[in-house]
Amino acid sequence: MVALAIAGCASPATVGASLDVEAVSHAFDIDGAILPVLDDISFGVKPGEFVALLGPSGCGKSTLLRLVAGLEPPRSGNLREDGDPIAGPFPSRVVVFQDPTLFPWRTVWDNVALGLEAQGILKSQRHRVDAAIDLVGLSTFRNAYPHQLSGGMAQRVALARALVNDPRILILDEPLGKLDSLTRITMQAEIASLWQRSGFTTLLVTHDVEEAVFLANRVIVFSDRPARIKADIAVDRPYPRHRGDPILAELRRNILGLLGLDATW
Amino acid sequence: MSTYSASKTVALPQSVEEGAAFAGRPLSLPTSLLAGGTGVFASLAWVGFGLSCLLWEDLGDWSHTHALAIAAFIIGGGIIAATAGGKWLGRFGAGLQQRTPWLLALGLFLTLWEVATAKFAWLPLPFFPPPQAIIEVYTDDLPKLLDSVFASIKLQLGGYAIGAVAGFLTGVSIGWSRSVGYWVHPVLRFIGPLPATAWLPFAFFTFPSSWSASTFLIALATGFPVTVLTWSGVASVSNAYYDVARTLGAKPSFLVLKVAIPAALPHVFVGLFMGLGSSFAVLVVAEMIGVKAGLGWYLQWAQGWAAYSNMYAALIVMSLLCSGAITLLFRTRDRLLVWQKGVVKW
């Protein structure tokens, strides 16, 4: 993505990877008791698509993201990136977590450089770090330590730390969940435009219905735990979108209805 | 003390003059008057110390009483000069000004000490030597004292370095690997809480030399706290950091070297600090009992010969060395851990 922004060497069609989730079930073992979390989940994501996973708190959405990231293997079923099975974490699939989890002992620059350093290619690719920091508008803070940043700035750094790896699938685990509403709105627009410019496939977990319909091509609605797919809704509206769009408002009402919250509307 | 009451009457007008000199800056007047006043008092306290050396005859036979008096006068003069010209001395002057209350207290303490020992022997004499007797040790017994200092530093540095490195490596391995933890943890629980000095008899007949035995004991005293705190530091690193690093392509070596260890460093330094404290204790005991060199041995030797001034002289050097070592450790930590907010200052 950043390479694209700098060199223009990749076309959007080749950036995004497709993702296939095939009959995935997962469960946690809590003190010997089996707690089912995901129940027979199947869906496909086309290259470059922006899919929001929506569901009640604690339903297992974040667990599904961990499986996609390769941090844990599923109990049953398969996950494929571009047809290849996902066997472990790989920098083509990077996660932005709800907490920025910046390393407090590293400066902003060193935090963003983390992925390239871990892959052993930092020496020749330092410009990518600078470009990623510029991209999120924090060039003046490159030498700051995380404790000197606001919540929104820290999350921007976390975004830059993900984007510097040129991900083919960007995994967002409620990245804006803990930000104030004004910062949220700004960053939603930034994420939408970053995604449009670069073309990576995006998977966003959220429990904010408005955020889901504002950002995504598709919204997949999950049931309570163990999570099943309740609905798979296309959001066929052009970008940049407007929050006041009546069609989005209609969709939002429908989705809230699916989640059993239509009484508030 | 007659000198003190005399100094009061002299000092007051002087400090008022001082105040007048600063009157051009009314806002800073009270503080500079106060600081200047303390400076004058501190100077007078040192002059008083010098006078107390000269006014009465020494009860014992000490050769440096006059030199000490002259040194006290020079220090007193230096303090008054620095007080008057503080603003031309820049940072040094400011630092000195901040410390004038301490200089005052020190001058008074030395005066009292001098009068109570050398002049009137309110404190029984061989056990409480006067300042000049301790100065005499530093001038006359310097070679032996320096040898002891170097021997102590050598022993301490070697043992501490070995203990710190071994403790750090053990701590990281226990914290990182479950199977290492399985085997090392019980050993650590069984052996660790034992005071290192309890190993003294064992160490002195097992090791080929008393020097290597002492090195082992110091390393042991250092190693236990460093191990435990490094371990707890590594174990308490949040899984979220590992998840982030793994999704970015980190291999296990990266997770240890670039995630676990930096995250654990604040704990490691607490361990290093505690290890330093307990290793000092072992050092002194080991030198007193086994090694025929070092400050601990010097203390023991001085006590054996009833050379009490040598004992005090060695104690002062020892406390300077220990506090110097701790200051050095804290400086290193502050430099390595700049990213931490509000670290403890030493």
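Calculation criteria
- Residues numbered from 1 in each chain as written.
- Chains lettered and ligands numbered in written order.
- Predicted model: local features only at pLDDT ≥ 70, side-chain atom pairs only at ≥ 80, totals over all residues.
- Helix = DSSP H or I, 4+ residues; strand = E, 2+ residues; numbered from the N terminus.
- Rg over C-alpha atoms; globule rule 2.2 N^0.38 Å.
- Buried ≥ 20, exposed ≤ 12 C-beta atoms within 10 Å, placed from the backbone.
- Contact = placed C-beta atoms within 7 Å.
- Pairing = 2+ DSSP bridges.
- Axes fitted to C-alpha atoms, helices over the stretch in contact; angles between N-to-C directions.
- Nonpolar A, V, L, I, M, F, W, Y, C, P; charged D, E, K, R; others polar.
- pLDDT = per-residue confidence, 0-100.
- Left-handed = near helix turned anticlockwise from the far one by under 90°.
- Parallel < 35°, antiparallel > 145°, perpendicular 65-115°, else oblique.

## Topic: the overall build of chain A
Right, on to step 1. Helix and strand counts for chain A stand at 10 helices and 10 strands.
Right, on to step 2. What you see for chain A is a C-alpha radius of gyration of 18 Å, in line with the 18 Å of a compact globule of 265 residues.
Right, on to step 3. Based on the C-alpha atoms only, the size of chain A along its principal axes is roughly 50 × 45 × 35 Å.
Right, on to step 4. A burial count over chain A gives 44% of its 265 residues as buried.
Right, on to step 5. In chain A, once contacts between residues fewer than 6 apart in sequence are set aside, the share between residues at least 24 apart is 70%.

## Some remarks on the overall build of chain B
Right, on to step 1. Secondary structure assignment for chain B yields 13 helices and zero strands.
Right, on to step 2. Listing the helices and strands of chain B from first to last along the sequence gives α-α-α-α-α-α-α-α-α-α-α-α-α.
Right, on to step 3. Residues counted as buried form 38% of the 346 residues belonging to chain B.
Right, on to step 4. Taking as baseline every contact in chain B between residues at least 6 positions apart, the subset at least 24 positions apart corresponds to 72%.

## What about the pairing of strand 9 (residues 218-222) of chain A?
Residue and element names in this part refer to chain A.
Right, on to step 1. A large share of strand 9 lies buried, amounting to four of its five residues.
Right, on to step 2. Both strand 3 (residues 50-54) and strand 9 contribute to a ladder of four bridges, which runs parallel. Opposite Leu 53, over in strand 9, you have Ile 220 as the bridge partner.
Right, on to step 3. When strand 9 meets strand 10 (residues 229-234), the two strands line up antiparallel, connected through five bridges. Bridged to Phe 222 within strand 10 is Ile 229.
Right, on to step 4. Count of turn residues in the strand 9/strand 10 antiparallel hairpin: six residues.

## Considering the sheet that holds strand 9 of chain A
Residue and element names in this part refer to chain A.
Right, on to step 1. Pairing in this open sheet of six strands is mixed, and the strands run 6-7-8-3-9-10 from one edge to the other. Two strands bound the open sheet, and with one partner strand each, they are strand 6 (93-96) and strand 10. Neighbour to neighbour, the strand axes of the sheet diverge by 15° on average, direction disregarded.
Right, on to step 2. Inspection of the sheet shows strand 3 paired to strand 8 (residues 201-206) by five bridges, in the parallel sense. Paired with Ala 52 across the two strands is Leu 204, which belongs to strand 8.
Right, on to step 3. Strand contacts of helix 10 (residues 246-258): strand 3, strand 9 and strand 10, with the helix running at about 175° to strand 10, the strand carrying the most contacts.

## Notes on the interface of chain B and chain A
By a frequent convention, interface size equals the accessible area lost on bringing the separate parts together.
Right, on to step 1. Each partner contributes residues to the interface: chain B has 14 residues there, and chain A has 20 residues.
Right, on to step 2. Elements supplying a minimum of two residues to the side of chain B that touches chain A: helix 10 (239-247) and helix 11 (252-289) of chain B.
Right, on to step 3. Take the side of chain B that touches chain A: its biggest share by element is seven residues, from helix 10 of chain B.
Right, on to step 4. Among the residues forming the side of chain B that touches chain A, the class breakdown is nine nonpolar, two polar and three charged.

## Some words on the sheet that holds strand 2 (residues 33-45) of chain A
Right, on to step 1. One open sheet holds the four strands; their spatial order is 2-1-4-5 (chain A), and the pairing between them is antiparallel. At either margin of the open sheet sits one strand with a lone partner, and together these are strand 2 and strand 5 (84-85) of chain A.

## Side note on the confidence of the model for chain A
All names here are of chain A.
Right, on to step 1. Put simply, chain A has an average pLDDT of 84, and 93% of its residues get 70 or more.
Right, on to step 2. Helix 4 (residues 108-112) holds the highest mean pLDDT among the elements of chain A, 93, whereas helix 1 (residues 2-7) holds the lowest, 43.
Right, on to step 3. Every residue in residues 1-13 is under pLDDT 50, and counting partners more than four places away or in other chains gives 29 contacts.

## A short note on helix 6 (residues 126-135) of chain A
Right, on to step 1. Looking only at helix 6 of chain A, the buried set comprises A:Arg128, A:Val129, A:Ala131, A:Ala132, A:Ile133 and A:Leu135.
Right, on to step 2. A positive backbone phi angle near 75° is found at A:Gly137, which sits one or two residues after helix 6 of chain A.

## A closer look at unusual backbone geometry
Right, on to step 1. Across the junction of A:Tyr239 and A:Pro240, the peptide omega takes the value -10°, indicating a cis bond.
Right, on to step 2. In the Ramachandran plot, B:Ala121 falls in the positive-phi region, its phi being about 50° despite a non-glycine side chain.
Right, on to step 3. Mapped onto the secondary structure, B:Ala121 falls in the loop between helix 4 (90-119) and helix 5 (131-140).
Right, on to step 4. When the 14 C-beta atoms within 10 Å are taken as the criterion, B:Ala121 is described as partly exposed.
Right, on to step 5. Backbone geometry places B:Ala306, a non-glycine residue, at a positive phi of 55°.

## Digging into the packing of helix 6 (residues 142-176) of chain B against helix 9 (residues 210-235) of chain B
Residue and element names in this part refer to chain B.
Right, on to step 1. Direction vectors running N to C along helix 6 and helix 9 enclose 30°, while the axes themselves pass 6 Å from each other. Considering how the two elements wind past one another, helix 6 and helix 9 form a crossing that is right-handed.
Right, on to step 2. For the contact of helix 6 with helix 9, the class distribution of residues is 19 nonpolar, 14 polar and no charged.

## As for the pairing of strand 1 (residues 19-30) of chain A
Residue and element names in this part refer to chain A.
Right, on to step 1. Here strand 1 pairs with strand 2 via nine bridges, running antiparallel. Across the sheet, the residue bridging to Asp 20 is Gly 44, located in strand 2.
Right, on to step 2. Between the end of strand 1 and the start of strand 2, which pair antiparallel, lie two residues, with Asp 31 showing a positive phi angle near 50°.
Right, on to step 3. Pairing of strand 1 with strand 4 (residues 76-81), which is carried by five bridges, proceeds in the antiparallel orientation. From the neighbouring strand, Val 21 faces strand 4, where its bridge partner is Leu 79.

## Overview of the confidence of the model for chain B
All names here are of chain B.
Right, on to step 1. For chain B, mean pLDDT is 83; residues scoring 70 or higher make up 88% of the total.
Right, on to step 2. Counting contacts from residues 1-30, a segment whose pLDDT is below 50, to residues more than four positions away or on other chains yields 26 contacts.
Right, on to step 3. The ipTM assigned to the predicted complex is 0.85, against a pTM of 0.79.

## Structural notes on the environment of A:Asp130
Right, on to step 1. Relative to the helices and strands, A:Asp130 resides in helix 6.
Right, on to step 2. The sequence separation of A:Asp130 and A:Glu211 amounts to 81 residues, and the corresponding C-alpha distance is 29 Å.

## Remarks on the packing of helix 10 of chain B against helix 11 of chain B
Helix-helix packing is described using two parameters, namely the angle between the two axes and the distance between the axes.
Residues and elements named next belong to chain B.
Right, on to step 1. Packing of helix 10 against helix 11 leaves a shortest axis separation of 11 Å and a crossing angle of 150°. Accordingly, the angle class assigned to the pair helix 10 and helix 11 is roughly antiparallel. Crossing of helix 10 against helix 11: the hand is right-handed. Where helix 10 approaches helix 11, its residues Tyr 241, Tyr 242 and Ala 245 are matched on the opposing element by Phe 254, Leu 255, Val 259 and Ala 263.
Right, on to step 2. Considered class by class, the residues forming the contact of helix 10 with helix 11 number seven nonpolar, no polar and no charged.

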